[in-house]
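Secondary and tertiary structure notes
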Amino acid sequence: MSLCQLLTVLELFHIADGLDRSWLLPRLVQVVERNLLLLTVVLMEEVQSQPVICVQFLLWNVLDLLRYPQELLCALGFPSLSMLWNRYTLSIPIYILAAATEGIVVYQAVHHLEKASRGQLQLPISSPNRVPIILKTYLLILAVGAAVTVWQLLRERQHQLEKWNKKLKK
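Residues numbered from 1 in each chain as written. Predicted model: local features only at pLDDT ≥ 70, side-chain atom pairs only at ≥ 80, totals over all residues. Heavy atoms only, no water.

**Structural notes on helix H2 (residues 9-17)**
Turning to H2, its buried residues are Glu-11, Leu-12 and Ile-15. Down the axis of H2, the sector holding all buried residues measures 105°, keeping them to one side. Among the exposed residues of H2, those pointing more than 90 degrees away from its buried face are Phe-13, Ala-16 and Asp-17. Those residues of H2 hidden inside the fold are in contact with helix H3 (24-43) and helix H5 (51-76). Positive backbone phi, approximately 90°, marks Gly-18, located one or two places after H2. (Buried < 20%, exposed > 50% of the residue type's maximum accessible area, 1.4 Å probe, protein only. Helix = DSSP H or I, 4+ residues; strand = E, 2+ residues; numbered from the N terminus. Arc of directions from axis to C-beta. Contact = heavy atoms within 4.5 Å.)

Structure (structure tokens):
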């Protein structure tokens, strides 16, 4: 899973090369966010065993399965209305669930790190007192970022479906 997430950096090169017409900044934030969460999970064995980790990876993969087939069909010149609708409609509630599970994972990591700072656990991190503060700040940024992303997804959905409806009327 770590290798797959690290390979998502290639998405940034696809945008830079013009193969993907997405915006670079939101995708950059998404790649960095996912890789940071993966790093947190890899470093903390207590968090790895939580069921929410499996749900998190499942939701990330479902989001990608909604996005990539539609992009592939459009790149091949065979756009599909059902794939377009699936991508822009189903991805919104799944993204909300993914952001919520990511928040749960970070919250669990904060809990375990706070236990470690009290001397109950030993972690490979050099200064465990600063990491919970960083992760709590990350939770706030995650909440704001998720709200902005959902707003953007709703706008993009409306734009894409209106564009498709105009093509159908012609």
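**Some details on the pattern of salt bridges**
Proximity of charged atoms lets side chains of opposite charge pair with each other. Inspection of the entire model under this criterion finds six salt bridges. For Asp-64, the salt bridge identified is with Arg-34, shortest N-O distance 3.6 Å. Pair noted here: Asp-64 is in helix H5 and Arg-34 is in helix H3, with a separation of 30 residues, a long-range link. A residue is classified by how much of its surface remains accessible, and Arg-34, at 5% relative accessible area, is buried. (Salt bridge = Lys/Arg side-chain N within 4 Å of Asp/Glu carboxyl O.)

**Some details on the environment of Thr-137**
With respect to the helices and strands, the residue Thr-137 is situated in helix H7 (residues 131-169). Only 2.9 Å separates the side chain of Thr-137 from the backbone oxygen of Ile-133, close enough to count as a polar contact. (Polar contact = N/O pair within 3.5 Å; in protein donor to acceptor, adjacent residues only side chain to side chain.)

**Here we look at the nonpolar core**
Formed by 28 residues in total, the largest nonpolar core has its most connected members in Val-47, Ile-53, Tyr-95, Val-105, Val-106 and Leu-135. Of all the elements in the fold, those that place two or more residues in this core are H3, H5, helix H6 (81-117) and H7. Examining the composition of this core, we find that 10 residues originate from one element, H6, more than from any other. The residues touching Val-47, leaving out its near neighbours within four places in the chain, are Val-41, Ile-53, Val-105, Gln-108, Ala-109 and His-112. (Core = buried A, V, L, I, M, F, W, Y, C linked by side-chain atoms within 4.5 Å.)

**What to know about H5**
Between its terminal C-alpha atoms H5 stretches 38 Å, which fits the 38 Å expected from 26 residues at 1.5 Å a residue. Positive backbone phi, at 90°, marks Gly-77, one or two positions downstream of H5. (Expected span 1.5 Å × (residues − 1).)

**Concerning the environment of Leu-81**
As for its placement among the helices and strands, Leu-81 is situated in helix H6. Through-space distance from the C-alpha of Leu-81 to that of Phe-13 is 28 Å; in sequence the pair is 68 residues apart. Residues within four places of Leu-81 in sequence aside, it is in contact with Trp-164 and Leu-168.

**A word on the packing of H2 against H3**
Orientation of H2 relative to H3, taken along the N-to-C sense of each, is 170°, at an axis distance of 9 Å. Between H2 and H3, the crossing angle belongs to the class labelled roughly antiparallel. Residues Val-9, Glu-11, Leu-12 and Ile-15 of H2 form the contact with H3, whose participating residues are Leu-24, Arg-27, Leu-28, Val-31 and Asn-35. Broken down by class, the residue content of the contact of H2 with H3 amounts to six nonpolar, one polar and two charged. (Axes fitted to C-alpha atoms, helices over the stretch in contact; angles between N-to-C directions. Parallel < 35°, antiparallel > 145°, perpendicular 65-115°, else oblique. Nonpolar A, V, L, I, M, F, W, Y, C, P; charged D, E, K, R; others polar.)

**Structural notes on the packing of H3 against H5**
Look at H3 against H5: their axes get within 12 Å of each other, and the N-to-C directions meet at 155°. As judged from the angle between their axes, H3 and H5 are roughly antiparallel. Handedness of the crossing formed by H3 with H5: left-handed. Where H3 abuts H5, its residues Arg-27, Gln-30, Arg-34, Leu-37, Leu-38 and Val-41 lie against Ile-53, Gln-56, Phe-57, Trp-60, Leu-63, Asp-64 and Arg-67. Looking at the contact of H3 with H5 residue by residue, the classes come out as seven nonpolar, two polar and four charged. (Left-handed = near helix turned anticlockwise from the far one by under 90°.)

Read these as spatial facts, not as claims about activity.
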